[in-house]
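Tertiary structure, described
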Amino acid sequence: MNKVYGSAAEALDGVLQDGMLIAAGGFGLCGIPELLLGAIKDAGTKDLTFASNNAGVDDFGIGILLQTRQVKKMISSYVGENAEFMRQYLSGELELEFNPQGTLAERMRSAGCGIPGFYTKTGVGTVIAEGKEHKEFNGETYILEEGIFADLSIVKAWKADETGNLVFRKTARNFNPPAAMCGKICVVEVEEIVPTGSLDPDSIHLPGIYVHRIVQGEHEKRIEQRTVRTA
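What you see is a predicted model, and the numbers here were worked out from it, not measured in a lab. (Residues numbered from 1 in each chain as written. Predicted model: local features only at pLDDT ≥ 70, side-chain atom pairs only at ≥ 80, totals over all residues. Heavy atoms only, no water.)

**So, the pattern of salt bridges**
Applying the stated criterion to the full structure yields 12 salt bridges. The residue Glu84 makes a salt bridge to Arg87 at a minimum N-O spacing of 2.9 Å. Pair noted here: Glu84 and Arg87 are both in helix α4 (residues 83-90), with a separation of 3 residues, about one helical turn. You can call Arg87 partly exposed: its relative accessible area is 34%. For Arg87, the salt bridge identified is with Glu93, shortest N-O distance 2.9 Å. Each of Arg69, Glu84, Arg87 and Glu93 takes part in a single network of salt bridges with overlapping partners. (Salt bridge = Lys/Arg side-chain N within 4 Å of Asp/Glu carboxyl O. Helix = DSSP H or I, 4+ residues; strand = E, 2+ residues; numbered from the N terminus. Buried < 20%, exposed > 50% of the residue type's maximum accessible area, 1.4 Å probe, protein only.)

**Describing the pairing of strand β6 (residues 117-120)**
The two faces of β6 differ: Phe118 and Thr120 on one face are buried, but Gly117 and Tyr119 on the other face are not. When β6 meets strand β8 (residues 140-146), the two strands line up antiparallel, connected through 4 bridges. Across the sheet, Thr120 pairs through a bridge with Ile143, a residue of β8. (Pairing = 2+ DSSP bridges.)

Encoded structure:
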């Protein structure tokens, strides 16, 4: 089975549909699948729900899909650094489901492992817990969080072999592995595709069983907040 595609648009061909739930890797501007996000914008797919730590910035990352009103709902931890995200949320144009970062990562990972839900203390007594099942264990209150079973996962890795085994580079790993695990279809963009068997098995961060399609391309290395000294 050939998993390698010639472009982001080709890798998403036949996969996109209006109203779908997409899990996206990345943290801020680090490790985000910008090529695939650009292809989704060009495809015009709308009414999307994104499970992602944040929405990038106004002109990069998921932010480009907010500008074109293709996103209906965000399942996120952080809404800063994106003025359009905040504007749409405060005006009632965008639905937002807040998730603590660890909870969001575990909701993705759990779904990837076939686990429909789990109990956590995170969020107890806050708006996060509203409407969720509460249960006591050893005298402590926990809330039930459900796994995120996405229609599509889009992630970014550093290297892949032709069977989809992935290696991420340093902090760019972030949400990418759990996001990749929870989608019915996982599409990955990488900086380099290497021959099968050339990756050290002990260095593989995500096995190719989770990956369905791969595309290689050039990526922009942005810095979200750059601070320099004058002297």
